[in-house]
Amino acid sequence: MKKTNRITVAHGDGIGPEIMDATLRIMDAAEVGLSYDTIEIGEKVYEAGHKSGISPDSWETLRNNGVLLKAPITTPQGGGYKSLNVTIRKSLGLFSNVRPFRAYPPYVPSFFPHMDLVIIRENEEDLYAGIEHQQTSEVVQTLKLISEPGSEKIVRYAFEYARAYGRKKVTCMTKDNIMKHTDGLFHRVFNEVAKEYPDIESDHWIIDIGSAVVAARPESLDVVVTLNLYGDVISDIAAEVAGSVGMAGSANIGMNHSMFEAIHGSAPDIAGQDIANPSGLLNGACMMLVQLGKADKAELIQNAWLKTLEDGIHTADIYRAQRSKEKVGTKAFADAIIERMGQMPNKLKPVKYNSEVSIKVDVKEKPPMKKELVGVDVFIDWRGTDRDPNEIGDRLLNDASTKKLKLKLISNRGVLVFPGGMKETFKTDHWRCRFVNPEGKILQNQDVLDLLASVQAAGFDFIKTEHLYHFDGERGYSLSQGE
Ligand code: NAD
């Protein structure tokens with residue numbers, strides 16, 4: 001990642017400008033040696049007609065500097081506005097979202113006083129590809145896309161992160177007992193990469209029980225690496241049980257660019273009142289300093305911040321009369337941290353980084369696999385007479401099958417309905433009809449085109465196809481029930 005002394009800063013919306021001012025003042029007091037190019041993003045930019053929340057000029061600044069420190073923004077509801085976070089992540093290839101969650105007892109109450117967990121979430125793939133289609137009157141679909149290089153990048157990043165930050169264990173979470181191909185790929189890549197890091201312990205949890213562990217035993221976890229959607233859900237659980245939604249920072253890391261922020265939003269309900277807690281953005285900024293090779297400055301700031309918490313100087317969100325000493329606003333909280341610059345906490349564990357934290361991820365392109373076409377799933381929009389599977393099955397078998405491709409089975413929402421099937425099974429207007437070569441011969445695309453012509457001639461409305469391939473001799477598609 002680019003090591004620079006010139007970064008881009010965005011003050012954002014709501015409490016954004018207040019917490020950004022506090023953060024920049026603290027960084028300047030620590031003499032971090034950075035200069036800033038300020039860009040406008042968020043509400044005003046959306047309202048000026050830029051649907052993505054950022055203007056073309058700002059993009060230029062962002063791309064030139066490579067590093068963005070960003071306060072939260074307000075995303076207007078409706079009106080076709082796009083989430084700026086998702087746009088920045090995807091456009092700049094920020095594949096890794098790193099969220100450390102630590103408890104600060106007794107200054108911030110937490111159910112888990114020893115919790116110190118880092119969630120590393122894949123940031124570009126999965127259901128967040130946003131490729132959705134309505135296929136029939138009754139059925140819509142979204143595509144879950146997982147790539148091998150995408151999985152390898154994030155898994156390697158997690159192990160490199162564990163090494164760089166002196167962590168002991170990396171836990172992978174997937175749902176590969178159900179999604180054997182997509183989540184299965186991520187888990188397989190994890191197992192392969194883990195072998196290259198014998199110094200780091202590794203294990204795997206199915207995401208449902210894994211989420212329960214995040215909620216009930218987060219102290220047993222160290223670094224968690226997971227897919228985009230699961231990471232989104234479990235990081236909110238982790239923030240909640242750490243007791244510190246206003247305290248956690250987040251880093252979005254790519255090969256050439258990065259973006260650092262707080263995990264919370266723009267909190268419009270408390271904007272402009274000088275009461276917001278700037279800790280989340282400040283911790284995000286410290287993650288940035290570490291990445292920029294200024295780990296000593298991050299330590300200086302975070303230890304002064306911990307001392308401020310210990311001294312009972314608290315913003316309203318964490319102030320409790322019985323253990324806090326003084327309730328302060330955003331500015332006064334920043335002043336208190338600046339006054340303590342150079343001091344260490346006495347009770348909370350001080351922050352200490354390796355002097356050189358450098359994370360490099362190298363993913364080599366692999367040669368293409370041998371791909372063989374062995375069949376095709378044709379999806380058909382059909383109701384017929386009482387949605388009788390035997391009616392569509394018999395007609396496809398007798399009228400639509402070709403010499404090369406013969407109907408093998410039909411499923412409806414993944415449940416086998418022909419041949420056999422149970423009359424109790426609920427049937428939609430969306431039928432997945434699997435055609436294969438009866439002798440197991442390798443097929444050509446022309447064979448699929450011939451089949452589609454035949455399906456159409458038999459009076460059926462096909463809505464999409466999925467080819468059935470073997471890759472290097474291995475089946476590259478899921479089997480239907482009972483197949
Ligand atoms: P929020 O995180 O802004 O606020 C949730 C609650 O936490 C509010 O009661 C708020 O007052 C409080 N809170 C949040 N940060 C605080 C802080 N630093 N100090 C003290 N209290 C704090 O979530 P929301 O209300 O759901 O969202 C508000 C807006 O923020 C929405 O437009 C949303 O789209 C946006 N948002 C932006 C980002 C981002 O830019 N990264 C992230 C999440 C939400």
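What you see is a predicted model; the values in this text were computed from it and never measured.

## Concerning the overall build of the protein
Looking only at helices and strands, the protein features 13 helices and 20 strands. Summarising its shape, the C-alpha atoms of the protein cover approximately 85 × 55 × 45 Å along the three principal directions. Burial analysis of the protein (483 residues in total) assigns 54% to the buried set. Partitioning the intrachain contacts of the protein with sequence separation of at least 6 by distance along the chain shows that 77% fall at a separation of at least 24. A total accessible area of about 21900 Å² is found for the protein, and carbon and sulfur atoms account for 51% of it. Considering the protein, the positive charge centre built from 58 side chains and the negative charge centre built from 66 side chains are found 3 Å apart.

## Description of the nonpolar core
L69, I120, I301 and L309 are the most contacted members of the largest nonpolar core, which has 100 residues in total. In terms of domain composition, this core takes at least three residues from each of domain 1 (1-92 + 251-354) and domain 2 (111-242). Filtering out sequence-adjacent residues up to four positions away, L69 remains in contact with I7, T8, V9, A10, M20, T23, L24, M27, F260, L281, A285 and M288. Core analysis: the second largest hydrophobic core is formed by 24 residues, L373, V376, C433 and F435 among them.

## Topic: the sheet that holds strand β1 (residues 6-10)
The 10 strands are arranged β2-β1-β3-β12-β11-β4-β5-β10-β8-β9 in an open sheet whose pairing can be described as mixed. Each edge of the sheet is formed by a strand with only one pairing partner; in this case those strands are β2 (35-39) and β9 (201-206). In this sheet, adjacent strand axes meet at a mean angle of 20° when their direction is disregarded. Pairing of strand β8 (residues 169-174) with strand β10 (residues 223-226) involves 4 bridges; the strand directions are parallel. Its bridge partner being in β10, T171 is matched across the sheet by V224.

## Structural notes on the site of the ligand
Close contacts around the ligand come from 18 residues, with I73, G265, A267, D269 and N277 the closest. Note that a nitrogen atom of the ligand is positioned 3.2 Å from one of the side-chain N or O atoms of E261. Measuring from a nitrogen atom of the ligand, one finds a backbone N or O atom of N277 at 2.8 Å. When the ligand sits alone it has 810 Å² of accessible area, and the protein chains cover 65% of it. Looking at side-chain class alone, the shell around the ligand contains 7 nonpolar, 7 polar and 4 charged residues.

## Focus on the packing of aromatic side chains
As enumerated under the stated definition, the model contains 10 aromatic pairs in all. Geometrically, the ring pair formed by Y104 and W305 is edge-to-face, given 5.1 Å between the ring centres and 85° between the ring planes. Of this pair, Y104 sits in the loop between β4 (96-102) and β5 (116-122) while W305 sits in helix α10 (residues 295-310), placing them 201 residues apart in sequence. Note on accessibility: Y104 and W305 belong to one class, buried. The interplanar angle of 65° and the centroid separation of 6.4 Å between the aromatic rings of F111 and F112 together place this pair among those described as edge-to-face. Looking at F111, the relative accessible area reads 72%, which means it is exposed. Joined through ring pairs, the aromatic side chains of F95, Y157, Y161, Y165 and Y353 make up one cluster. Just above the ring of Y128 sits the side chain of R121; from NZ or CZ to the centre is 5.4 Å.

## Observations regarding the sheet that holds strand β17 (residues 415-418)
Strand order in this open sheet of 6 strands is β17-β16-β18-β15-β19-β20, and the pairing throughout is antiparallel. In the strand order of this sheet, the two ends are held by β17 and β20 (474-475), each with one partner. Contacting β15 (371-381), β16 (406-412), β17 and β18 (430-436), helix α12 (residues 389-400) crosses the sheet at an angle of about 155° to β16.

## Examining the packing of helix α1 (residues 16-29) against helix α9 (residues 279-291)
Viewed as axis vectors pointing N to C, α1 and α9 meet at an angle of 45°, and their least axial separation amounts to 9 Å. With respect to α9, the element α1 is oriented oblique. Handedness of the crossing formed by α1 with α9: right-handed. Note on element contacts: α9 touches α1 through L281, L282, A285, M288 and L289, opposite I19, M20, T23, I26 and M27.

## A short note on the pattern of salt bridges
The full count for this structure, using the stated rule, is 34 salt bridges. Residue E192 is joined to R188 by a salt bridge in which the shortest nitrogen-to-oxygen separation is 3.2 Å. One end of the pair is E192 and the other is R188, both in helix α6 (residues 182-194) and 4 residues apart, which spans about a single turn. What makes E192 partly exposed here is its relative accessible area of 35%. For R188, a relative accessible area of 37% puts it in the partly exposed group.

## Quick word on the domain arrangement of the protein
The domain architecture assigned to the protein consists of domain 1 (1-92 + 251-354), domain 2 (111-242) and domain 3 (371-475). Inter-centroid distance (C-alpha atoms) of domain 1 to domain 3 is 54 Å.

## Thoughts on the environment of L185
Looking at where L185 falls in the secondary structure, it is placed in helix α6. On the accessibility criterion, L185 (14% relative accessible area) is buried. Note: C-alpha distance between L185 and S151 (34 residues apart in sequence) is 7.8 Å. Setting aside residues no more than four positions away along its own chain, L185 makes contact with I146, S147, E148, S151 and K180.

## As for the layout of surface pockets
Of the volumes computed, that of the largest pocket is approximately 2000 Å³. Lining the largest pocket we find 45 residues, and of these H181, T182, G476, Y477 and S478 sit closest to its centre. When residues of the lining of the largest pocket are traced back to their parent elements, those giving at least two are β7 (140-142), α6, β15, β16, β18, β19 (461-471) and β20. By residue class, the composition of the lining of the largest pocket is 16 nonpolar, 16 polar and 13 charged. Taken as a whole, the second largest pocket spans an internal volume of roughly 850 Å³. Lining the second largest pocket are 36 residues, with R102, D116, R167, V351 and Y353 positioned closest to its centre. Where the lining of the second largest pocket is concerned, the elements lending two or more residues are β4, α5 (148-164), β11 (249-253), α9 and α10. Shared between two domains, the lining of the second largest pocket holds at least three residues of each, these being domain 1 (1-92 + 251-354) and domain 2 (111-242).

Definitions and cut-offs
Residues numbered from 1 in each chain as written. Predicted model: local features only at pLDDT ≥ 70, side-chain atom pairs only at ≥ 80, totals over all residues. Heavy atoms only, no water. Helix = DSSP H or I, 4+ residues; strand = E, 2+ residues; numbered from the N terminus. Buried < 20%, exposed > 50% of the residue type's maximum accessible area, 1.4 Å probe, protein only. Contact = heavy atoms within 4.5 Å. Areas by Shrake-Rupley, 256 points an atom, 1.4 Å probe, with all protein chains shown as cover. Lys, Arg positive; Asp, Glu negative; His and termini not counted. Charge placed at Lys NZ, Arg CZ, Asp CG, Glu CD. Core = buried A, V, L, I, M, F, W, Y, C linked by side-chain atoms within 4.5 Å. Domains from an automatic or database assignment. Pairing = 2+ DSSP bridges. Axes fitted to C-alpha atoms, helices over the stretch in contact; angles between N-to-C directions. Near = heavy atom within 4 Å. Polar contact = N/O pair within 3.5 Å; in protein donor to acceptor, adjacent residues only side chain to side chain. Nonpolar A, V, L, I, M, F, W, Y, C, P; charged D, E, K, R; others polar. Phe/Tyr/Trp six-rings, centres within 6.5 Å; stacked < 30°, edge-to-face > 60°. Lys NZ or Arg CZ within 6 Å of the ring centre and 35° of its normal. Parallel < 35°, antiparallel > 145°, perpendicular 65-115°, else oblique. Left-handed = near helix turned anticlockwise from the far one by under 90°. Salt bridge = Lys/Arg side-chain N within 4 Å of Asp/Glu carboxyl O. 1 Å grid on protein atoms, 1.4 Å probe; cavity = no way out; pocket = protein on both sides within 12 Å on 5 of 7 lines; lining within 4 Å. Points joined across faces, edges and corners; volume = space filled by probe spheres on them.

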